[in-house]
Amino acid sequence: MIITIVGTGSMARGIATRALAGGHTVRLVGRSAEQAAALADELRRAAPGGDDDVHQSDAIAVEDADLVVLAVPYPAGREVAADYGTALTGSVVVDICNPVDFSTFDSLAVPAGTSAAEEIAAEAAPGAPVVKAFNTTFAATLLSGQVAGQPLDVLIAGDDEDAKRAVAELAASGGLRPLDVGPLRRARELEAFQFLHMAAQERLGLNWSSAVKILP
């Protein structure tokens, strides 16, 4: 698949690493062309045979992408979806953000009864289904794809079954375990749960190296 990642931060690096491990083509789009080019160079060096699979690109890279991953903080994903408009039609939009109020680190920044993913879905063009995924994984753990010898779980929520299957394929091909947790409204619980996971890092001494794992 062609995976366009909007963003050049640590989550973009982690998801791109998993996508390349799965044999996909990665395109990177960032506000800074220099940062996107630098990340593309870093990924090429880290991924054997990745020279032809990772590219720094511009906004037009979303037009024929299978998945467009919004690796940007809240509420930038909402703005990106609105700005790209119909260019996203035919692509699956993947929202990975956690709408934490970082000024207090004591609450979510979305109103009760909704989620960042649902806000993005309201802005996305028809034919561009939104899927919530990867928000419960920390960036550093995505580089290896596992914690304590266990593959990362990727919890997936969305209203379009084909779109969720495409995101599950990305996760599974990169060595992760995709789990479909239901419709897009489940993003409310996913975002709240990851906020708890984030808030517990210092108290539990986890240093952002932990993972959410569902065991049968």
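Residues numbered from 1 in each chain as written. Predicted model: local features only at pLDDT ≥ 70, side-chain atom pairs only at ≥ 80, totals over all residues. Heavy atoms only, no water.

**Q** What is the right way to look at the packing of helix α1 (residues 10–21) against helix α2 (residues 33–46) in this model?
**A** Think of two packed helices as two axes; the pair is described by the angle between the axes and how far apart they sit. Closest axis-to-axis distance for the α1/α2 pair is 11 Å, and the angle between their directions is 40°. Viewed along their axes, α1 and α2 adopt a mutual orientation that is oblique. At the point where α1 passes α2, the crossing takes the right-handed sense. In this structure, α1 contributes A12, R13, A16, T17 and L20 to the contact, and α2 contributes L39, E42 and L43. A per-class count over the contact of α1 with α2 returns five nonpolar, one polar and two charged. (Axes fitted to C-alpha atoms, helices over the stretch in contact; angles between N-to-C directions. Helix = DSSP H or I, 4+ residues; strand = E, 2+ residues; numbered from the N terminus. Parallel < 35°, antiparallel > 145°, perpendicular 65-115°, else oblique. Left-handed = near helix turned anticlockwise from the far one by under 90°. Contact = heavy atoms within 4.5 Å. Nonpolar A, V, L, I, M, F, W, Y, C, P; charged D, E, K, R; others polar.)

**Q** How should the layout of surface pockets be read in this particular structure?
**A** To find the voids left in a structure, one rolls a probe of water-molecule size over its atoms. Here the largest pocket defines a volume of roughly 430 Å³. Residue lining of the largest pocket: 21 residues in total, with M11, P73, I96, C97 and N98 positioned closest to the centre. Mapped by element, the contributors of at least two residues to the lining of the largest pocket are α1 and α7 (187–204). Taken together, the residues that form the lining of the largest pocket break down as 15 nonpolar, six polar and no charged. (1 Å grid on protein atoms, 1.4 Å probe; cavity = no way out; pocket = protein on both sides within 12 Å on 5 of 7 lines; lining within 4 Å. Points joined across faces, edges and corners; volume = space filled by probe spheres on them.)

**Q** How do you make sense of the confidence of the model for the protein chain when you look at a structure like this?
**A** Segments scoring low in pLDDT should not have their predicted coordinates read at a detailed level. Averaged over every residue, the pLDDT of the protein chain is 95; the share at 70 or more is 98%. Across the protein chain, the secondary-structure element scoring lowest on mean pLDDT is strand β3 (residues 54–56), at 87, and the one scoring highest is strand β6 (residues 130–132), at 99. (pLDDT = per-residue confidence, 0-100.)

**Q** How do you make sense of the environment of E34 when you look at a structure like this?
**A** Note that E34 resides in helix α2. It is 18 Å that separates the C-alpha atoms of E34 and A46, two residues lying twelve residues apart in sequence.

**Q** I would appreciate a short explanation of the packing of helix α3 (residues 76–84) against helix α4 (residues 116–123) in the present structure.
**A** Interaxial distance between α3 and α4 falls to 8 Å at its minimum, and their mutual angle equals 15°. As summarised for this structure, α3 and α4 are arranged roughly parallel, according to the angle between their axes. In terms of crossing hand, the pair formed by α3 and α4 is right-handed. Seen from α3, the contacting residues are G77, R78, A81 and A82; seen from α4, they are E119, I120 and E123. When its residues are assigned to classes, the contact of α3 with α4 shows three nonpolar, one polar and three charged.

**Q** So what exactly am I meant to see when it comes to the sheet that holds strand β1 (residues 2–6) here?
**A** Strand pairing in a sheet is mediated by backbone hydrogen bonds. Such pairs are either parallel or antiparallel. The strand order β3-β2-β1-β4-β5-β6-β9-β10 describes an open sheet built from eight strands, whose pairing is mixed. At either end of the open sheet lies a strand with only one pairing partner, and these are β3 and β10 (177–182). For this sheet the average axis-to-axis angle between neighbouring strands, irrespective of direction, equals 25°. Strand direction decides the pairing type here: strand β4 (residues 67–70) and strand β5 (residues 92–95), joined by four bridges, are parallel. Considered in β5, the bridge of L67 is made with V92. Docked against the sheet, α2 engages β2 (25–29) and β3, running at close to 165° with respect to β3. (Pairing = 2+ DSSP bridges.)

**Q** So what exactly am I meant to see when it comes to the pattern of salt bridges here?
**A** Opposite charge on two side chains permits them to pair, given that their charged atoms come into close proximity. Inspection of the entire model under this criterion finds 13 salt bridges. A salt bridge links E118 to R188, with the nearest nitrogen and oxygen atoms 2.9 Å apart. Within this pair, whereas E118 is found in helix α4, its partner R188 is found in helix α7, the two being separated by 70 residues in sequence. R188 gets classed as partly exposed once you look at its relative accessible area, which sits at 29%. Here R165 and D162 are joined by a salt bridge, their closest N and O atoms 2.3 Å apart. Residue R165 and its partner D162 are located together in helix α6 (residues 161–173), separated by three residues, close to a single helical turn. (Salt bridge = Lys/Arg side-chain N within 4 Å of Asp/Glu carboxyl O. Buried < 20%, exposed > 50% of the residue type's maximum accessible area, 1.4 Å probe, protein only.)

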